[in-house]
Amino acid sequence: MSNPSVSVVLAVYNGLPWLPESLASLRQQTFTDFEVVVIDDGSTDGTHVALAEEFPEVSLLWGDGDLWWTGAMNRALEHVLPRAGRCDHILALN
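Now for a quick tour of the structure. (Residues numbered from 1 in each chain as written. Predicted model: local features only at pLDDT ≥ 70, side-chain atom pairs only at ≥ 80, totals over all residues. Heavy atoms only, no water.)

1. Some words on the nonpolar core
So the rule is basically this: The nonpolar core is taken to be a set of buried Ala, Val, Leu, Ile, Met, Phe, Trp, Tyr and Cys residues, with the residues joined through side-chain atoms within 4.5 Å. Here the term buried applies to any residue with accessible area under 20% of the maximum for its type, exposed to any over 50%, and partly exposed to those in between, with areas from a 1.4 Å probe on protein chains only. Comment: elements are numbered from the N terminus, with helices defined as DSSP H or I runs of at least four residues and strands as E runs of at least two. Contacts were defined at the residue level, with two residues in contact if any of their heavy atoms lie within 4.5 Å.
Residues Val6, Val8, Leu10, Val12, Leu19, Leu23, Leu26, Val36, Val38, Leu51, Phe55 and Val58 constitute the largest nonpolar core, which totals 12 residues. When contributions to this core are tallied by element, the ones reaching two or more residues are strand S1 (6–12), helix H1 (19–27) and strand S2 (34–41). Broken down by element, this core gets its largest block of residues, 4 residues, from S1. With sequence-adjacent residues up to four places away left out, Leu51 is seen in contact with Leu19, Leu23, Val38, Pro56 and Leu60. The next biggest cluster of nonpolar side chains, apart from the first, holds 10 residues, and it includes Val9, Val37, Ile39 and Ala76.

Quick look at the structure:
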């Protein structure tokens, strides 16, 4: 039996001060069958630039600043669920 895959989803708004450390920590996990999806809800601090440069493996979704956490999680689910298998998992980090 293979390990289930996991989608790790994070909503951010101007998260540049803490996001790189969080994503670097995820890279160090011994479990590797996961993807990371970041929902950037209108950041103005260069979050998306840092993600593209330092974490190209991360899927980036966009918001306009009005999603807040719940809207961002819904956007992530819309992205992840259509391709999720029956035994897959979603880990929402806040």
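2. A few points about the pattern of salt bridges
Note the following rule: The term salt bridge refers to a pairing of a side-chain nitrogen on Lys or Arg with a carboxyl oxygen on Asp or Glu at a separation within 4 Å.
Enumeration according to the criterion identifies 2 salt bridges in this entry. Arg83 is the salt-bridge partner of Glu35, the closest N and O atoms lying 3.2 Å from each other. One end of the pair, Glu35, is in strand S2; the other, Arg83, is in the loop between helix H3 (68–80) and strand S4 (89–93), and 48 residues separate them in sequence.

3. Side note on the environment of Val9
If you trace the backbone, Val9 turns up in strand S1. The exposure class of Val9 is buried, given its relative accessible area of 2%. For Val9 and Leu60, which are 51 residues apart along the polypeptide, the C-alpha to C-alpha distance reads 10.0 Å.

4. Remarks on the pairing of strand S3 (residues 59–63)
Going by this rule: Being paired, for any two strands, means DSSP has found at least two bridges between them. A clockwise path from the first strand over the helix to the second, with the strands pointing away from the viewer, defines a right-handed crossover.
Judged from the 5 bridges that link them, S2 and S3 form a sheet pairing that is parallel. Each bridged residue has a counterpart across the sheet, and for Asp41 the counterpart in S3 is Gly63. The parallel pair S2 and S3, bridged by helix H2 (residues 47–54), forms a crossover whose chirality is right-handed.

5. Thoughts on unusual backbone geometry
Notably, Asn14 is not glycine yet its phi reads approximately 50°, a positive angle. According to the relative accessible area criterion, Asn14 is partly exposed, its value standing at 23%. One non-glycine residue, Trp68, lies in the positive phi region at around 60°. Relative to the helices and strands, Trp68 is located in helix H3.

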